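In case you want the letters, here they are:
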Amino acid sequence: MSFNTSSRQLSKTDEAPEDVPSQEVTPLDSPETETPEAETAEASVPEADAPKAEAAEAEAPDAEADPEPEVPEVPEVPEVPEVPEVPEAEAAETETPEDRTSEAQTSETGAPEAESPGAEPSDVDAPEGEVTPRPRRWRRVWGGWREKYPVAARVLAWTTTAVALAVVVVALLMPTQSDKFRLAAFVRLPVEAIFGAALLIVLPRKPRIAVAALAGLGLGALTVVNFLDIGFNEYLGRGFNVVLDWSLFSDAQGYLQDTFGRGGALGIAALAVTLVIAVLALTTMSVIRLGNLAARHTETATRTTLVLAIAWVTCAALGVQYAAGIPIASEHTMQALQFKSEQVRQTLRDEAAFRKIAKKDDFANTPPDQLLTGLRGKDMMITFIESYGRSAIEDPVMAPGVDATLTTENKKLTDAGFAAKSGWLTSATYGGSSWLGHSTFMSGLWISNQQRYRTVTAGDRLTLPGAFKKTGAWDTVGVMPGIQKAWPEQNFYGIDKLYDSHKLGYKGPKFSWSTMPDQYALTAFERLVHSKKHDKPLMSTIILTSSHQPWAPIPKLVPQDQVGDGSIYNAIEKAGKKPADIITDSAKSKQEYGKSIQYSVSSLINYLVKYGNKNTVLIFLGDHQPIARVSGNHASRDVPVSIVAKDPKVLDKIADWNWADGLQPKQDTPVWKMNAFRDRFLTAYGSTPAP
C-alpha cells in the first residue's frame, strides 16, 4: 500500500467533520433510484423557503378556523445566466488529471474530499460520458478511515515515507565490514540517490514506476550481496565472490546442521530466505514510493535535488570528510558495483591463467629413485590441526593458555628424545574452507577458491603424499574423521587407503561439527594402521577436527586405556557447553577456541611420545586462522608449522630455513606462503627438480 501527498489545499469549509462518517452514494450503493422529476422538484425549491414551510405546518390547527387563509406570495427565483459552451478541444486542453480526479471524487461523495499526505489520485481516468468504476473495497475502507482519522492518516503517511527514505539511504551507504558500521557512514550524500531522483522526476508515470521497480530490485540485490560480504569477511576474511562462492552454501548448511541439528539448520535457512525476500520487497516499494512522491511535488523535489547536487559537488571538490575514509560526498554504491564487476572479470581471467600454471610442475618428471632420498626408511606423519592459527600463540586472551601448553608439550618431546623446529606459513584461506589450505600445502599451488580447487584436483599435480607414493618406498594412508561422504580427491592426493569417519569404529557422540575427539582418532590410527606390521614405512596424512568451530562442547583427555570405542565421551559431551552458549559471544569464543587448540596439541604430542620411535618424523600445522570474531578483524593469515623428529639429521637438513627451536615459532621467524612449502621440502630432502 502506498500513500501519496497532494499539493492541492482545500478550505476548512470543504473538509468533512471528523465525527461524520463518509456518505458515498453510488448507483450500486443506493437501494432506490430517484426519478429525474423528483430531483428537479427538489432542486427548484430555494433553501430559504424551508423555514416558511415548517412554520406553515406548525400553524395547521389554526387553518381550520380560518376558512379563507391568505396565500403567501412565492418569491420569484432569479434566472441563472447561461454558461457559454466550451469547445471540446479547449476542454481537453485545459482539463488536468487532478481536475478529473476531483470531479470523480465529488460525484461519488457529493462534496470535495479532504486530502491528506497519503491521498492517491485515481489510477483510472474515466472518459467523458462514461460511469466511473466503483472503487475497490480496500480503497473505500481506507478512504473512510482517512476521513474519520485525518491526523492519524497523515502521521502514518509521513512515517511510511520516512521509513522508505531510510531504507534507501541505508542500502546505498551500507558498509561491507561489520567493524565499519558507525553513524557517520549513514549521514553522507549518496550521489546515486541524487541521480535517481532527477531521473524519476522527469519520467512519465508508467515509465517512472517501471524504472523505480527495477532500481529497487537492483538495490535490494546489492543489499543482499552486502550482507554476504559482511558474513564472508567475518568468517573467511574476504568478501563474497559472486562467481565462485555459491557452492559454499551447501557446506554452510552442513555446518549449521552439525552445530544446531537438522531442525535448527532448516529454521535458519528458512529465515535467511525470508529476509532476502523481505529486503527485495522493501527496497522496491521504498523506491517506488519516493518516486511517486517526487513526481507529485515536482517543484519542491526539483529544488531539493538541485541543492543536494550542488552540496555533493562542493563536498567532493573540497574533499570534505567526517573522519578519515568517510567522505560526505559518497560514491559507495557505484564503487561497490565497479568492484564487483572488476572482480568478475578478474576471476575469469585468473582462472584461465591458473589452468596454465597448474600444468607446470618442477617435480613432475623426477624419477622415483630421485625423490625424497633423505627420508628413506622414515615413518612420516603430516597432521593438520583445524583452525590452528597465529592468533592462538599471540592473542592476549588465548596466548597464555596455548603458550603454556606448547611449553609443556615441548618438554615432553625433549624428555622422550625428540626435537622440533617451527616457522610460519601464510594460508590461502581464512576462517574456514580448510580443504583449500590442505590442497595448497600438499600441491605447491595457491588454492584460494573453490574453482582453483576443482581445477587442480581434476589434474595430476604431484602432491606430497603422491611424491612418497611415487617412490614406491612408502605405503600412503589417510585418517580423516571429517570426511563423511564419498571423497574422490583420494586419488589426486595419492592416498592408497582412506580411513574416514565411518571406518574408524567410533561409537561415541559427535562434538558439534567434529565427528570424534582427536584423541580417539589418533588411538584408532594406532590400532588400525600404525601398530600393524608393514613391509614399508608409512606416509600418513591425518586431519584433526576437535578445534573446529563453534568450539563447544570440547572433549577432554582421558586415560589412554579407557578410550575404547569412544563410549566414554558420552558423559563428557553432555557435560560440555552448548554452541548457542558461546557462538555469538566473542570473549567466550576466544576462551573456548584456545582450550580446543590446547586439547588438540596435547592429544597429538601425547600420541607421538607414546607411539613414536627413532624413525618417526612428524609435520604438523594449522590449516587457517579462526574466524575474525576470534582472531580479530585484521589478523594475518599466518599459521604455525613444526617438524618433529628424533633423528638429528632430519632437522639438520632444514637448518638454513632459520626456523625457531621448539614447538613455538618466534615473532621474527621467517614467514612463507603456504604453497612454497612443497618445493622447499622436496628440495631439502633430496628430490631433484625435473619439469
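Please read all numbers here as calculations on a predicted model, not as lab measurements.

J.: Run through the overall build of the protein chain, naming residues and quoting values.
T.: A count of helical and extended segments in the protein chain gives 25 helices and 13 strands. Counting across all 691 residues of the protein chain, residues that qualify as buried make up 43%. For the protein chain, the proportion of contacts with a sequence separation of at least 24, taken over those separated by at least 6, is 77%. Split by element, the accessible area of the protein chain, about 36,300 Å² in all, is 58% carbon and sulfur.

J.: Account for the nonpolar core, naming residues and giving values.
T.: Inside soluble globular proteins, nonpolar side chains tend to come together where they are buried. Within the largest apolar cluster, 49 residues are counted, with the highest numbers of intra-cluster contacts made by Phe441, Phe677 and Phe681. Leaving out residues up to four positions away in the same chain, Phe681 has contacts with Leu372, Leu375, Met380, Leu464, Phe468, Ile619 and Trp657. In this structure, Ala420, Tyr499, Ile572 and Leu618 belong to the second largest nonpolar core, which totals 48 residues.

J.: Just give me the short version of helix α9 (residues 205–236), but keep the residues and values in it.
T.: The end-to-end C-alpha distance of α9, which contains 32 residues, comes to 45 Å, matching closely the 46 Å that a straight helix rising 1.5 Å per residue would cover. Two residues or fewer past α9, Gly237 is found with a positive phi of approximately 70 degrees.

J.: Help me get a handle on the packing of helix α8 (residues 191–202) against helix α11 (residues 298–318), residues and values and all.
T.: At their nearest, the axes of α8 and α11 sit 10 Å apart, and the two run at 150 degrees to each other. Looking at the two axes, α8 sits roughly antiparallel to α11. For the element pair α8 and α11, the recorded crossing hand is left-handed. Counting all contacts with α8, which are made through Val191, Ile194, Ala197, Ala198 and Ile201, the residues of α11 involved are Thr298, Ala301, Thr302, Thr305, Leu308, Ala309 and Trp312. Grouping the amino acids of the contact of α8 with α11 by side-chain chemistry returns nine nonpolar, three polar and no charged.

J.: So what about the pattern of salt bridges? Which residues, and what values?
T.: A side chain with one charge can pair with a side chain of the opposite charge if their charged atoms come near. Applying the stated criterion to the full structure yields 18 salt bridges. Note that Lys378 is salt-bridged to Asp647, the shortest N-O span being 2.7 Å. One end of the pair, Lys378, is in the loop between α12 (332–358) and β5 (379–385); the other, Asp647, is in the loop between β11 (638–645) and α24 (648–652), and 269 residues separate them in sequence. Taking relative accessible area as the criterion, Lys378 reaches 9% and is therefore assigned buried. Residue Asp647 is classed as buried on the basis of its relative accessible area, which comes to 19%.

J.: Before we move on, can you summarise the packing of aromatic side chains with the specific residues and values?
T.: Each pair of aromatic rings is reported with the distance of its centres and the angle of its planes. Following the criterion strictly, the structure yields 20 aromatic pairs and no others. Here Phe240 and Trp246 contribute two aromatic rings whose centre-to-centre distance is 4.9 Å and whose plane-to-plane angle is 85 degrees, an arrangement assigned as edge-to-face. Between Trp657 and Phe677 the ring centres are 6.0 Å apart and the planes differ by 70 degrees, which places this aromatic pair in the edge-to-face class. With Trp657 in the loop between α24 and β12 (660–661) and Phe677 in helix α25 (residues 677–684), the pair connects residues that are 20 residues apart, well separated along the chain.

J.: Which residues make up a nonpolar patch on the surface, and what are the values?
T.: A surface patch of nonpolar side chains, amounting to about 270 Å² of accessible area, comprises Trp145, Tyr149 and Leu156. Looking at the secondary structure, you find Trp145 in helix α6 (residues 137–148).

J.: Requested: an account of empty space enclosed by the protein, with residues and values cited.
T.: Applying the stated rule across the entire model yields five cavities of 30 Å³ or more. Within this model, the largest cavity holds a volume of roughly 60 Å³. Lining the largest cavity are Gln519, Leu522, Thr523, Leu557, Gln560, Ser603, Asn606, Tyr607 and Tyr611. Only α19 (518–530) and α22 (586–611) provide two or more residues apiece to the lining of the largest cavity. In terms of residues, the lining of the largest cavity owes the most to one element, α22, which gives four residues.

J.: Explain the environment of Gly632 to me, using residue names and the numbers behind them.
T.: Examined against the element boundaries, Gly632 turns out to sit in the loop between α23 (628–631) and β11. When sequence neighbours within four positions are dropped, the list of residues in contact with Gly632 reads Tyr430 and Ile627.

J.: Please give an account of the environment of His534 that cites residues and values.
T.: The topology assignment puts His534 in the loop between α19 and β9 (538–544). Along the backbone, His534 and Asp475 are 59 residues apart, and their C-alpha atoms lie at a distance of 8.5 Å. For His534, the contacting residues outside a window of four places in its chain are Asp475 and Val529. A polar contact is formed between the side chain of His534 and the backbone oxygen of Val529, at a distance of 2.7 Å.

J.: Account for the pairing of strand β10 (residues 616–622), with residues named and values stated.
T.: Of all seven residues in β10, seven are buried; the element is thus mostly enclosed. Where burial is concerned, the two faces of β10 agree: the one with Thr616, Leu618, Phe620 and Gly622 and the one with Val617, Ile619 and Leu621 are both buried. Where β5 lies against β10, seven bridges are found, and the strand directions are parallel. Its bridge partner lying in β10, Met380 is registered against Val617. Of the pairings in the sheet, the one linking β10 to β11 comprises five bridges and is antiparallel in character.

J.: Go over the packing of helix α15 (residues 434–443) against helix α16 (residues 450–457), please, and point to the residues and values.
T.: Packing of α15 against α16 leaves a shortest axis separation of 10 Å and a crossing angle of 45 degrees. With respect to α16, the axis of α15 lies oblique. Crossing hand, α15 versus α16: left-handed. Taken together, the residues of α16 that come into contact with α15 (itself represented by Trp435, Leu436, Ser439 and Ser443) are Gln450, Tyr453 and Val456. Class assignment of the residues belonging to the contact of α15 with α16 gives a composition of four nonpolar, three polar and no charged.

J.: Lay out a positive patch on the surface with the relevant residues and their values.
T.: The grouping of Arg355, Lys356, Lys359 and Lys360 at the surface amounts to a positive patch. Classification of Lys359 as exposed rests on a relative accessible area of 75%.

J.: Pulling in residues and values, what's your account of the side chain of Thr471?
T.: Within the secondary structure layout, Thr471 lies in helix α17 (residues 464–471). Polar contacts involving the side chain of Thr471 include one to the main-chain carbonyl oxygen of Phe468, which spans 2.6 Å. Among the polar contacts listed, one links the side chain of Thr471 to the backbone nitrogen of Ala473, at a separation of 3.1 Å. With near-sequence residues (within four places) excluded, Thr471 lies in contact with Pro368, Leu371 and Arg376.

J.: A description of the confidence of the model for the protein chain should follow, citing residues and the corresponding values.
T.: Across the protein chain, the average pLDDT comes to 79, with 79% of residues at 70 or higher. Across residues 1–131, where pLDDT falls below 50, the model places 93 contacts with residues more than four positions away in sequence or in other chains.

J.: I'd like to hear about unusual backbone geometry, residue by residue, with values.
T.: Each neighbour pair has its own omega, and for Gln549 with Pro550 the value is 15 degrees, a cis peptide bond. Structurally, Pro550 can be placed in the loop between β9 and α20 (569–575). Following Ala552, the chain continues into Pro553 via a peptide bond in cis, with omega recorded as -5 degrees. Relative to the helices and strands, Pro553 resides in the loop between β9 and α20. Unlike most non-glycine residues, Trp551 shows phi in positive territory, near 60 degrees. Although it is not a glycine, Asn658 adopts a positive phi angle of roughly 60 degrees. Relative to the assigned elements, Asn658 resides in the loop between α24 and β12.

Conventions adopted
- The numbering scheme is per chain: residues are counted from 1 as the chain's sequence reads.
- Per-residue local features are limited, in this predicted model, to residues with pLDDT of at least 70; the limit for side-chain atom pairs, both in listing and counting, is 80 or more; totals at the level of whole chains, interfaces and linings are taken over all residues.
- With hydrogens and water excluded, all non-hydrogen atoms of the structure serve as input to the side-chain values.
- A run of H or I in DSSP counts as a helix once it spans at least four residues, and a run of E counts as a strand once it spans at least two, with each numbered from the N terminus.
- Accessibility here uses a 1.4 Å probe with only protein chains present; expressed as a share of the type maximum, an area under 20% marks a residue as buried, one over 50% as exposed, and anything in between as partly exposed.
- The contact criterion used throughout is that any non-hydrogen atoms of two residues lie within 4.5 Å.
- Where accessible areas are quoted, they stem from the Shrake-Rupley method and a 1.4 Å probe; at the residue level, only the protein chains shown are allowed to cover.
- Here the nonpolar core consists of buried residues drawn from Ala, Val, Leu, Ile, Met, Phe, Trp, Tyr and Cys, with membership extended through side-chain atoms lying within 4.5 Å.
- The span you would expect from a helix comes to 1.5 Å times its residue count less one.
- What counts as an axis is a line fitted to C-alpha atoms, over the stretch in contact for a helix, and the angles between N-to-C directions run from 0 to 180 degrees.
- Roughly parallel here means an angle under 35 degrees, roughly antiparallel means over 145, roughly perpendicular means 65 to 115, and every remaining angle is called oblique.
- For any helix crossing, the convention is left-handed if the near helix is rotated counterclockwise from the far helix by under a right angle, and right-handed if that rotation is clockwise.
- Classification used: nonpolar for Ala, Val, Leu, Ile, Met, Phe, Trp, Tyr, Cys and Pro, charged for Asp, Glu, Lys and Arg, polar for all others including Gly.
- We count a salt bridge whenever a side-chain nitrogen from Lys or Arg sits within 4 Å of a carboxyl oxygen from Asp or Glu.
- Each Phe, Tyr or Trp ring (for Trp, its six-membered ring) is paired with any other whose centre lies within 6.5 Å, and the angle between the two planes then decides the class: stacked below 30 degrees, edge-to-face above 60, tilted in between.
- A residue counts toward a patch only above 30% relative accessible area and without a salt bridge, and it is joined to like-charged neighbours within 9 Å or, for Val, Leu, Ile, Met, Phe, Trp and Tyr, to nonpolar neighbours within 5 Å.
- Here a cavity denotes a set of grid points, spaced 1 Å apart and computed over the protein atoms alone, in which a 1.4 Å probe fits but from which it cannot get out, and a pocket denotes an open set meeting protein on both sides within 12 Å along at least five of seven lines; residues with an atom within 4 Å of a point are reported as lining.
- Grid points are joined across faces, edges and corners, and a volume is the space filled by probe spheres set on the points.
- A 3.5 Å cut-off defines polar contacts: any pair of N or O atoms within that distance qualifies, except that in protein one atom must be a possible hydrogen donor and the other a possible acceptor, and neighbouring residues in sequence count only when both atoms are side-chain atoms.
- A pair of strands is considered paired only if DSSP assigns at least 2 bridges between the two.
- Charged residues are defined here as Lys and Arg on the positive side and Asp and Glu on the negative side; His and the ends of the chain fall outside this count.
- By convention, the point assigned to a charge is CZ for Arg, NZ for Lys, CD for Glu and CG for Asp.
- On a scale of 0 to 100, pLDDT captures the predictor's confidence in every residue.

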